[in-house]
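# A structural walkthrough
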Amino acid sequence: MIVLYCFGPLWGLPDPSPFVVKTAVQLKMSGLAFRTDKSRPPEAPKGKLPFIEDNGVRIGDSVFIREHLERKYGVDLDAGLDARQRAQAWAVEKVVEDHLYWATVYARWAVKENFDKGPAIFFGDAPPEVLEAARGRVLEVLHGQGFGRHSLGEVAHLAGRSFASLAELLGDGPYLAGETMGGADATLFAGLSAVLTPHFDTPVRDALLKHPNLVAFSQRMMQRFYPVPAKAEPATA
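Below or above, wherever it landed, is the structure these notes cover. (Residues numbered from 1 in each chain as written. Predicted model: local features only at pLDDT ≥ 70, side-chain atom pairs only at ≥ 80, totals over all residues. Heavy atoms only, no water.)

## Some thoughts on the packing of aromatic side chains
Put simply, the test is: In this analysis, rings of Phe, Tyr and Trp, with Trp reduced to its six-membered ring, are considered paired at centre separations within 6.5 Å, and the interplanar angle assigns stacked below 30 degrees, edge-to-face beyond 60, and tilted for intermediate values. Segments assigned H or I by DSSP are reported as helices when at least four residues long, segments assigned E as strands when at least two residues long, and all are numbered from the N terminus. Here the term buried applies to any residue with accessible area under 20% of the maximum for its type, exposed to any over 50%, and partly exposed to those in between, with areas from a 1.4 Å probe on protein chains only.
Within this structure, the stated rule accounts for seven aromatic pairs. Between Y5 and F51, the ring centres sit 4.4 Å apart and the planes meet at 10°, which makes this aromatic pair stacked. Remark: F51 occurs in strand β3 (residues 51–54) and Y5 occurs in strand β1 (residues 2–6); sequence separation between them is 46 residues. The burial state of Y5 is the same as that of F51; both residues are buried.

## So, the pattern of salt bridges
Side chains that differ in sign of charge can pair as their charged atoms come close. This is how the line gets drawn: Criterion for a salt bridge: a side-chain nitrogen of Lys or Arg within 4 Å of a carboxyl oxygen of Asp or Glu.
For the coordinates displayed, the defined rule picks out 13 salt bridges. Among the ionic pairs, E93 bridges to K22, the shortest N-O distance being 3.6 Å. Residue E93 is located in helix α3 (residues 83–110), and its partner K22 is located in helix α1 (residues 18–30); the two are separated by 71 residues in the primary sequence. For R66, the salt bridge is made with E70, and the minimal N-O distance between the two is 3.2 Å. Here R66 pairs with E70, and both are found in helix α2 (residues 62–73), just four residues apart, close to one helical turn. Judged by relative accessible area, R66 falls into the buried class, the value being 11%. Because the salt bridges share partners, they merge into one network encompassing K22, R66, E70, D78, E93, K94 and E97.

The following block contains the structure:
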């Protein structure tokens, strides 16, 4: 059986990582049997989650995991989509993962009160200097990426433009390609749900709430793939 390694439920989400949620939903869409197990980035082949183990082979990165599943098991998560819809799906994924993801990271790590009630939990009872060093490393990454050079309001403005574009692309349809669900719907759901969790109240979340169709899409996907909300285990969070 395929094993998906993840963090585990946290902050009202199936997993704090949208990349883990994306892969979990895509596995559910595929119909393949799998189970989850908890892990941490240092144990992963690429130093980040998710990764899967399939018959002794470990594969990291959500894109390469999907490609492995489609190649090995003959799964096509975009079955029913034409060439233009497939191209649009990839573009949507990059907006979500290479733009909005960093707005999510900013909201969780750069906003001190959010860091204290959020990512700091991963460091257990580590002393304050360790927490600040870890936070500092993420802030350096954000600075290199670009968002770390902006104010929270500016980041929310940029994220808002992406939300507006995604809302236009989704329109009134249940999925990005209309009535047909595709792999990018898992990516969009994962990215939106990471922002929507009320655990982190920021202008980025406010910008998303301005688009009811995106909120409704996230709620539909949550109900379909996680009808029973997973609960975090305090002893291992």
